[in-house]
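Letter by letter, the chains look like this.
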Amino acid sequence: MYKAVIKRIFDFLLATALCVLFLPIFAATFFAVRSKLGSPAFFTQERPGLGGKLFKIYKFRTMTNERDESGELLPDEARLKGVGKTIRRLSLDELPQLLNVLKGEMSFVGPRPLLPEYLPLYNARQATRHSVLPGITGLAQVMGRNAISWDEKLEWDAKYAENISFWLDIKILALTALKVIKSEGVSKEGMATTDKFKGSEA
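Owing to the predicted nature of the structure, the values given are computational and were not obtained by experimental measurement. (Residues numbered from 1 in each chain as written. Predicted model: local features only at pLDDT ≥ 70, side-chain atom pairs only at ≥ 80, totals over all residues. Heavy atoms only, no water.)

(A) Looking closely at the overall build of the protein. Across its full length, the protein holds eight helices and four strands. When the helices and strands of the protein are listed from N to C terminus, the series reads α-α-β-β-α-α-α-β-β-α-α-α. If you line up the protein on its principal axes, its C-alpha atoms span 55 × 45 × 30 Å. With 202 residues in all, the protein has 39% of them scored as buried. Once local pairs closer than 6 in sequence are excluded, the contacts in the protein between residues at least 24 apart make up 69%. Surface accessibility of the protein: about 11000 Å² in total, with carbon and sulfur atoms responsible for 63%. (Helix = DSSP H or I, 4+ residues; strand = E, 2+ residues; numbered from the N terminus. Buried < 20%, exposed > 50% of the residue type's maximum accessible area, 1.4 Å probe, protein only. Contact = heavy atoms within 4.5 Å. Areas by Shrake-Rupley, 256 points an atom, 1.4 Å probe, with all protein chains shown as cover.)

Written out as structure tokens, the structure is:
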């Protein structure tokens, strides 16, 4: 059995190594965001993790703060452009989540941490995604990411929670690398990112 302690050790050692290896890329991305999008360079938001417990997720900011005449933020597609679009296409916005992994709030592999407002919308099977640590990548990401429906994504999350293993994690990490290289599934067709989850019909 793939025990939580073994997964935690693997995550900590890999996150430490990648923090050192990716330090130049991290620094370059930070300065690119600061120079093109302004301050702050980081985007933080509360997300539910293991057991639904809230934690603060870290990402590089990829959108501008442009607003309309009434002071409301413009739609995502209007604020995601230039350097922000490139950072998201290359998945560089996810790099700060290595800090979440080091803190034990996330794993490298697991269901992506979604918005707290989705918690009451999950059915019983979908809610099993919170029986494991959330991840930087996961089964839903390598099976389509934002290009597939919410029901499909949440079903892949449930399947991961049921079948978690070391070799499944290794397979997902390898497939994630290919997805990043090919920039597949970054957004839903016709949208800057994806639509909001409104609950499953089942």
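(B) Geometry of the side chain of Lys 59. On the secondary structure map, Lys 59 appears in strand E2 (residues 54-60). When near neighbours in sequence (up to four residues on either side) are disregarded, Lys 59 contacts Ala 41, Phe 42, Phe 43, Asp 93, Glu 94, Pro 96, Gln 97 and Arg 112.

(C) Layout of the nonpolar core. Membership of the largest hydrophobic core comes to 23 residues, with the highest contact counts inside it found for Leu 98, Phe 108, Tyr 160 and Ile 172. Residue assignment for this core shows that the elements contributing at least two residues are helix H1 (4-21), E2, helix H5 (97-102), strand E3 (107-109), helix H6 (139-142), helix H7 (150-163) and helix H8 (166-182). When residues of this core are assigned to their parent elements, the largest contribution, three residues, is made by E2. Those residues in contact with Ile 172 that sit more than four places away from it in its chain are Val 109, Thr 137, Gly 138, Leu 139, Val 142 and Tyr 160. Counting seven residues, the second largest nonpolar core, distinct from the first, contains Leu 115, Tyr 118, Leu 154 and Phe 197. (Core = buried A, V, L, I, M, F, W, Y, C linked by side-chain atoms within 4.5 Å.)

(D) Quick look at H1. With 18 residues, H1 extends 25 Å from end C-alpha to end C-alpha; this agrees with the ideal 26 Å at 1.5 Å per step. Residues Lys 7, Asp 11, Ala 15 and Leu 18 constitute the buried set of H1. Mapping the buried residues of H1 onto a view down its axis gives an arc of 70°, with all of them on the same face. Exposed residues lying more than 90 degrees from the buried face of H1 are Val 5, Leu 13 and Val 20. Residues of H1 that are buried sit in contact with helix H2 (23-36), H5, E3, H7 and H8. (Expected span 1.5 Å × (residues − 1). Arc of directions from axis to C-beta.)

(E) Representation of the confidence of the model for the protein. Averaged over all residues, the pLDDT of the protein is 88; the fraction at 70 or higher stands at 92%. Per-residue pLDDT stays below 50 along residues 187-192; that stretch engages in 13 contacts with residues further than four places along the chain or on separate chains. (pLDDT = per-residue confidence, 0-100.)

(F) Broad picture of the pattern of salt bridges. With the rule as written, the count across this model stands at nine salt bridges. For the salt bridge of Lys 103 with Glu 105, the shortest nitrogen-to-oxygen distance reads 3.4 Å. A salt bridge links Arg 129 to Asp 157; the shortest N-O distance between them is 2.8 Å. Here Asp 157 lies in helix H7 and Arg 129 lies in the loop between E3 and strand E4 (135-137), a separation of 28 residues in the sequence. Side by side, Arg 129 and Asp 157 carry an identical accessibility label, which is buried. Put simply, Lys 59, Asp 93, Glu 94 and Arg 112 are held in one network by salt bridges that share partners. (Salt bridge = Lys/Arg side-chain N within 4 Å of Asp/Glu carboxyl O.)

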